[in-house]
Amino acid sequence: MTEQTFVLPDVGEGLTEAEIVQWRVAPGDTVAVNDVIVEIETAKSLVELPSPFAGTVGELLASEGATVEVGAPIITIGSADATPPAPAQPTTVPEPSDPGGAVLVGYGTGGAVSSRRRKPAERPVKASVGVVAKPPIRKLARDLGVDLAAVTPSGPAGEVTRQDVVKHAEQASVFRNIETPEWGTVREETIPVAAPAAPTPVDDAREESIPVRGVRKATANAMTSSAYSAPHVSVWVDVDASRTMELVKRLKASPDFADVKISPLLIMARAVIWALRRTPMINATWVDGDDGAQIRMRHYVNLGIAAATPRGLLVPNIKDAQAMNTRELAKALESLTLTAREGKTSPADQAGGTFTITNIGVFGVDAGTPIINPGEAGIIALGAIRQKPWVVDGEVRPRWVTTVSGSFDHRVVDGDGISRFIADVASVLEEPALLLD
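What this report covers is the structure whose coordinates are included nearby. Because the structure is predicted, anything quoted here is derived from the model rather than measured. (Residues numbered from 1 in each chain as written. Predicted model: local features only at pLDDT ≥ 70, side-chain atom pairs only at ≥ 80, totals over all residues. Heavy atoms only, no water.)

### Considerations on a nonpolar patch on the surface
Judged by side-chain polarity, Met281, Ile295 and Met297 come together as a nonpolar surface patch covering roughly 210 Å² of accessible area. Secondary-structure assignment places Ile295 in strand S14 (residues 292-296). Assessed through its relative accessible area of 37%, Ile295 is described here as partly exposed. (Patch = residues over 30% accessible without salt bridge, like charges linked within 9 Å, V, L, I, M, F, W, Y side chains within 5 Å. Areas by Shrake-Rupley, 256 points an atom, 1.4 Å probe, with all protein chains shown as cover. Salt bridge = Lys/Arg side-chain N within 4 Å of Asp/Glu carboxyl O. Helix = DSSP H or I, 4+ residues; strand = E, 2+ residues; numbered from the N terminus. Buried < 20%, exposed > 50% of the residue type's maximum accessible area, 1.4 Å probe, protein only.)

Pasting the structure below:
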């Protein structure tokens, strides 16, 4: 029997390391070419690695939770012959739009293999309480905080499907109604913001250190770079969003939008795109080059939406959002949100953003001073929309009021442009009919 060693491949995006999240095989298991053997987490996405060899699993050379550099051996597989391995291609958790997908360096391209790949069948796993669900569905339920025993199954033979879990999560509002834990005996926790160092000895074991890895590490590096390289200037304005709320109500009742999720974020996105067209410098970016600095104008809008996910903060973006009508934009927002919540956002979905919206209002927050996403010149926050007393035609009336706030790169855009942009967004929220121009 010939023993072959599989090293951690370069899964693209110039990444140099990854964390072993979960082994799908154990020593002694028999695997075929393209069977998924391990799930890894890079700084940008979860990736399922297929086996380039067929044979019997020998030794797992990296433990779950370990960070492994590209090129390091992670598993040995014994085979009865020394037939050269077939090309292998990683299956990323995000569903790629390109059928070719990312390519494992050293294992050939995926174009000729994708049509012949054999995807291992996923067998439903029945829990001790009688719940039938596949492993990816169980992982999704864990990430969303959903008790599978409380979900009504709609699949064949009583199997819980992805839509069942997502529907139950939305009905239960698990992202809003988070259980408040009791105060524990641990008084403090330390979260390193640099390379992990040797922990300080603690006699009473009342402290613990959490290593910074994956998405948290990438987010920390990006936010630090942005905060200390781009001079941030922040502005905000209170807005009477009553007509926006009326429009949202009418769209929800419209048959044309019956199958689409409608929220104030949709009107906010339309407002931002309209305002960017009127102040295009907000959509630009600062570029440092060998010949000096430049401001690069972008005549398109890749609209980023900051998303809090089980893996941390992600900012996927909607490509060419300026070319979409209201229904298309609503569908894109819904798809982006579901994909992010399921942890399936791909690196390509996060690349190339030109401007970002963060919807802090869903957490009951009124305003903030967000940090600009690297490569962009601004970010805008939509606060909570609440009924408040508001003066209308000299009379105090209850109105739906929100706060629009944002941060901008003062190297790229001056105060007048920033103020004009924020005022334009506020104008649309106050009177959505401006979008008809």
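### Considering the packing of aromatic side chains
If you walk through the whole model with that rule in mind, you get two aromatic pairs. Aromatic side chains Phe408 and Phe421 sit 5.8 Å apart centroid to centroid with 75° between the ring planes, which places their arrangement in the edge-to-face category. Separated by 13 residues along the polypeptide, Phe408 in strand S22 (residues 395-409) and Phe421 in helix H8 (residues 415-430) bring together distant segments of the chain. The residues Phe408 and Phe421 share a single accessibility class, namely buried. Each member of the aromatic cluster is reached from another via a ring pair, and the members are Phe355, Phe408 and Phe421. (Phe/Tyr/Trp six-rings, centres within 6.5 Å; stacked < 30°, edge-to-face > 60°.)

### Some details on the pattern of salt bridges
Overall, the coordinates contain twelve salt bridges when judged by the stated rule. Linking Lys344 and Glu342 is a salt bridge whose minimum nitrogen-to-oxygen distance equals 3.9 Å. Take Glu342: its relative accessible area is 10%, and that puts it in the buried class. For Asp366, the salt bridge is made with Arg386, and the minimal N-O distance between the two is 3.0 Å. In this pair, Asp366 sits in the loop between strand S19 (355-358) and strand S20 (378-382) while Arg386 sits in strand S21 (residues 386-392), placing the two residues 20 residues apart along the sequence.

### Description of the sheet that holds strand S8 (residues 73-79)
Taken together, the four strands give an open sheet; going across it, the order is S1-S8-S6-S3, and neighbouring strands pair in antiparallel fashion. Each edge of the open sheet is held by one strand with a lone partner, namely strand S1 (2-7) and strand S3 (30-31). Across six bridges, the pairing between S1 and S8 is antiparallel. Bridging across to S8, Gln4 finds its partner in Ile77. (Pairing = 2+ DSSP bridges.)

### Details of unusual backbone geometry
With phi around 80°, Asn34 is a residue other than glycine that occupies positive phi space. Although it is not a glycine, Asp320 adopts a positive phi angle of roughly 50°. Here Asp320 is to be found in the loop between strand S18 (317-318) and helix H6 (326-341). The partly exposed category is assigned to Asp320, whose relative accessible area is 39%.

### A closer look at empty space enclosed by the protein
Empty space among the atoms becomes visible once a probe the size of a water molecule is rolled across them. Tallying each qualifying case throughout the model produces one cavity of 30 Å³ or more. The calculated volume of the largest cavity comes to roughly 40 Å³. The wall of the largest cavity is formed by Leu8, Pro9, Val11, Leu15, Glu17, Ala18, Ile40, Thr42 and Val70. (1 Å grid on protein atoms, 1.4 Å probe; cavity = no way out; pocket = protein on both sides within 12 Å on 5 of 7 lines; lining within 4 Å. Points joined across faces, edges and corners; volume = space filled by probe spheres on them.)

### Quick look at helix H3 (residues 214-229)
For H3, built from 16 residues, the straight-helix expectation of 22 Å at 1.5 Å per residue is met to within 8% by its first-to-last C-alpha distance of 23 Å. Inspection of H3 places Gly214, Val215, Thr219, Met223 and Ser226 among the buried residues, and these make up the whole buried set. Seen along its axis, H3 keeps its buried residues to an arc of 135°; they face one direction. Buried residues along H3 sit against strand S4 (36-41), strand S12 (232-240) and strand S17 (312-314). (Expected span 1.5 Å × (residues − 1). Arc of directions from axis to C-beta. Contact = heavy atoms within 4.5 Å.)

### Some thoughts on the pairing of S22
Summarising the sheet, S12 and S22 pair through nine bridges and their orientation is antiparallel. Of the residues in S22, the one forming a bridge with Val233 is Phe408. In this sheet, S22 lies alongside S21 in antiparallel orientation, the contact comprising seven bridges. Following the sheet pairing, Val392 is matched in S22 by Glu395. Following S21, the chain reverses through two residues before pairing antiparallel with S22; Asp393 in that reversal takes a positive phi of roughly 50°.

### Brief notes about the side chain of Glu19
Inspection of the secondary structure puts Glu19 in strand S2 (residues 17-23). For Glu19, a relative accessible area of 16% gives the class buried. Sequence-distant contacts of Glu19, that is, excluding residues within four places in its chain, are made with Glu39, Ile40, Glu41, Gly65, Ala66, Thr67 and Arg213.

### Examining H6
Its 16 residues place the ends of H6 23 Å apart at the C-alpha level, agreeing with the 22 Å of an ideal helix rising 1.5 Å per residue. Inspection of H6 places Leu329, Ala330, Ala332, Leu333, Leu336 and Ala340 among the buried residues, and these make up the whole buried set. The buried residues of H6 all sit within an arc of 165° when viewed along its axis, so they share a single face. N-cap assignment for H6: the residue whose side-chain oxygen lies 3.2 Å from the backbone N of Arg327 is Asn325. In the segment just after H6, Gly343 is the residue with positive phi, at about 75°. (Polar contact = N/O pair within 3.5 Å; in protein donor to acceptor, adjacent residues only side chain to side chain.)

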